[in-house]
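# Structural description and commentary
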Amino acid sequence: GCAVFASAGSIAARRPQVCRGGREPRFCLRVGHRLRKRGCQCWQTLMWSEAYHAAWGCRCCVPLDDAADGGEAHVEWSIYHLSGVALASTSKETLPVACQKGALTATASGAAGKSLLSLNMRRAATGWEQLMASGIQVDYMQERMCGRMEAWLEALRDLSPAWAPKRRGSVSKALVWPFSAYSHFGVQRVWSLGEYSQWADLCAALATLGVEVVLWPWKRRGLPKKRDFDAADVIFMDYDGIHSSWRKTSLPPADKTWILDTFGTDGTVVDHGFFGRQPPLTNFPLKRFLTFVPGYSSRNTFLGVAVLRPSDAAASEAAPPRRKWQCVLWSKVHPWLNEKNGFPAYHHALLREYTKHCHVVATIDKKDTYGTEAAIQSCCPEVEIRGVASPNEFLELLRSSAVYVGVGEPLIAPSCFEALSLGTHVVQPRFPALRVLKNKPITEGWTSQHPWLEKVPEPFVFTVDPRDLTASVARAFREIKLAFDSHFGEGDDDAGQPHLDAQALERFYVAGEYPNRDAYSIGGFLGRVGSIIQDTTRLEAKDWDWERSQHPQQLPQEWRNPPMAV
């Protein structure tokens, strides 16, 4: 089972271990005990989620500490009510009458809102129970999902408009098959976390929306067969899954299939045996391809990943770690720093330039086949090299650092948005020329390591020019240092002024707020998955408009002469 909450460092440590309200809320305990019996500690998160109790109007005026102090009992109360407001660490005498023990009633949301929210939370509880009992093989996926369960439930509570499926039972079961990730990135010793982050977030979002998730295992049951596809209401696969199904079993129905595709598929790459727009991929319209980057392949659908704000995280109630003037190097494998691999020289030059302005920490896979440790030591021996950190350890490292720095690779990894959401600046290079990826199904030119970072203004993100490294990098670090020192009180008052006022910097460093952050928020991700579920309907002629106008030869046979609208 999951050990995320086994140590007393999270929600279980902050909230009571037994629910002793005016009457036992059996709906909370039932789900919690089921999860616990199945060996997963995540049940504690669900039982003590403010959003979950709020939806049920649970009368949990629960004493946390009855110990007498100086002859007078000091009682703390944790109250969850329909508006989702938590009144914690408050003495009983100071509570409003309506919030005191046994007096809580349905108020804020109204009867209709209460009914819908309660129904959604009940479905979410069932969805999470089924997901956690499904035998997840990738530890990173399970840790990521378990550690964020409460944030997902809070996002469901706050979703606007509220989640309401179009038809009762329209989508109740999803088959999720990350075959490419299994094949290329491992199951036990995982080295590419970006793809697994997206798959984990997709499973979590589906469970939160009350959908039963069937996470297809690696090797245990072979490939999904027609009966498995027929039993699902929506199917999520990747390129490897489509090709393997086509060759060995049967293709999933196009009406209910979505394809996770990191870089996007714009339909212009045809002559390629694996990702070219030819059968079997032409069975699926381009809008059914889900991408990492918003708007980069406009004919696809943006999915992205879900990023926590500090206030979403379980550790947010504790004091944040003191930030150091240090940088964290983006990525844990670096074949591009090995000069023998033929990558452009500016990768090495960038890292050397970063070390002139800031102490750099690299968390790397020391057992990788690219010789990353030797490459970094050869390029910049002053870089502090550490082993691969756990997800929580890595987030703490970001929270305690000033800058997250990229050297141009890997492309579009989502960790840069984890850094921003934790109040850590990001520096990335702009490519000297538009870069068209030769091994991807898209001919759009890439402009930088992560194009969406270019939508985030300075001083949160700096996109530096590798053709003028000395001046460009120096300016970026000068501006970041001014902002950093102005907030943390270590700077010279005469050194200059940062770009933003003190309040904007405060919101960034403390709450992870920055322009355009909603694209990668948990709430935004949950809303997009909800839209995908709503759009999982029978395909129509309009879904093939681009192919019909630009590449009619790509149309499936049944759509070359679509039926006329009545």
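What counts and what doesn't
- Residues numbered from 1 in each chain as written.
- Predicted model: local features only at pLDDT ≥ 70, side-chain atom pairs only at ≥ 80, totals over all residues.
- Heavy atoms only, no water.
- Buried < 20%, exposed > 50% of the residue type's maximum accessible area, 1.4 Å probe, protein only.
- Helix = DSSP H or I, 4+ residues; strand = E, 2+ residues; numbered from the N terminus.
- Pairing = 2+ DSSP bridges.
- Contact = heavy atoms within 4.5 Å.
- Axes fitted to C-alpha atoms, helices over the stretch in contact; angles between N-to-C directions.
- Parallel < 35°, antiparallel > 145°, perpendicular 65-115°, else oblique.
- Left-handed = near helix turned anticlockwise from the far one by under 90°.
- Nonpolar A, V, L, I, M, F, W, Y, C, P; charged D, E, K, R; others polar.
- Phe/Tyr/Trp six-rings, centres within 6.5 Å; stacked < 30°, edge-to-face > 60°.
- Lys NZ or Arg CZ within 6 Å of the ring centre and 35° of its normal.

Right, let's get into the pairing of strand S12 (residues 326-329). In S12, alternate side chains face the same way, and those of Gln326 and Val328 on one face and Cys327 and Leu329 on the other are all buried. The sheet contact formed by S12 and strand S15 (residues 403-405) spans three bridges and is parallel. Note on S15: the bridge partner recorded for Val328 is Tyr404.

Moving on, we come to the sheet that holds strand S8 (residues 234-237). One open sheet accounts for six strands, arranged S7-S6-S8-S9-S10-S11; its pairing is parallel. Only two strands of the sheet have a single neighbouring strand rather than two, namely strand S7 (212-215) and strand S11 (301-302). Bridging between strand S9 (residues 257-260) and strand S10 (residues 289-291) involves two bridges; their strand directions are parallel. Bridge assignment links Leu260 to a residue of S10, and that residue is Leu290. Seen against the sheet, helix H11 (residues 239-248) touches S8, S9 and S10 and runs at an angle of roughly 105° to S8.

Right, let's get into the packing of helix H6 (residues 139-147) against helix H9 (residues 193-208). Relative orientation of the contacting elements H6 and H9 amounts to 50°, with a least axis distance of 9 Å. The angle between H6 and H9 falls in the class oblique. The interaxial crossing formed by H6 with H9 has right-handed handedness. Contacts between H6 and H9 involve Tyr140, Met141, Arg144 and Met145 on the former and, on the latter, Leu193, Tyr196, Ser197, Trp199, Ala200, Asp201, Cys203 and Ala204. Taken together, the residues of the contact of H6 with H9 sort by class into nine nonpolar, one polar and two charged.

What follows is about the packing of aromatic side chains. This model, assessed by the stated rule, comprises 21 aromatic pairs. Measuring from centroid to centroid gives 6.0 Å for Tyr354 and Phe477, while their planes differ by 50°, and the two rings are tilted. With Tyr354 in helix H12 (residues 346-357) and Phe477 in helix H16 (residues 469-488), this pair connects stretches of sequence that are 123 residues apart. In this structure Phe477 comes out as buried when scored by relative accessible area, which is 3%. Consider the rings of Phe484 and Phe488, whose centres lie 4.7 Å apart with planes at 40°: the pair is tilted. Placement of the pair is Phe484 and Phe488 together in helix H16, with a separation of four residues, close to one helical turn. Taking the relative accessible area as the measure of exposure, Phe484 reaches 1% and is therefore buried. By the ring-pair criterion, three or more aromatic residues cluster together here, those being Trp325, Tyr354, Phe460, Phe477, Phe484, Phe488, Phe508 and Tyr509. A cation over an aromatic ring shows up here: Arg221 above the ring of Trp216, its NZ or CZ 4.0 Å from the ring centre. The ring of Phe431 is capped by Arg435, whose NZ or CZ atom sits 5.3 Å from the centre of that ring.

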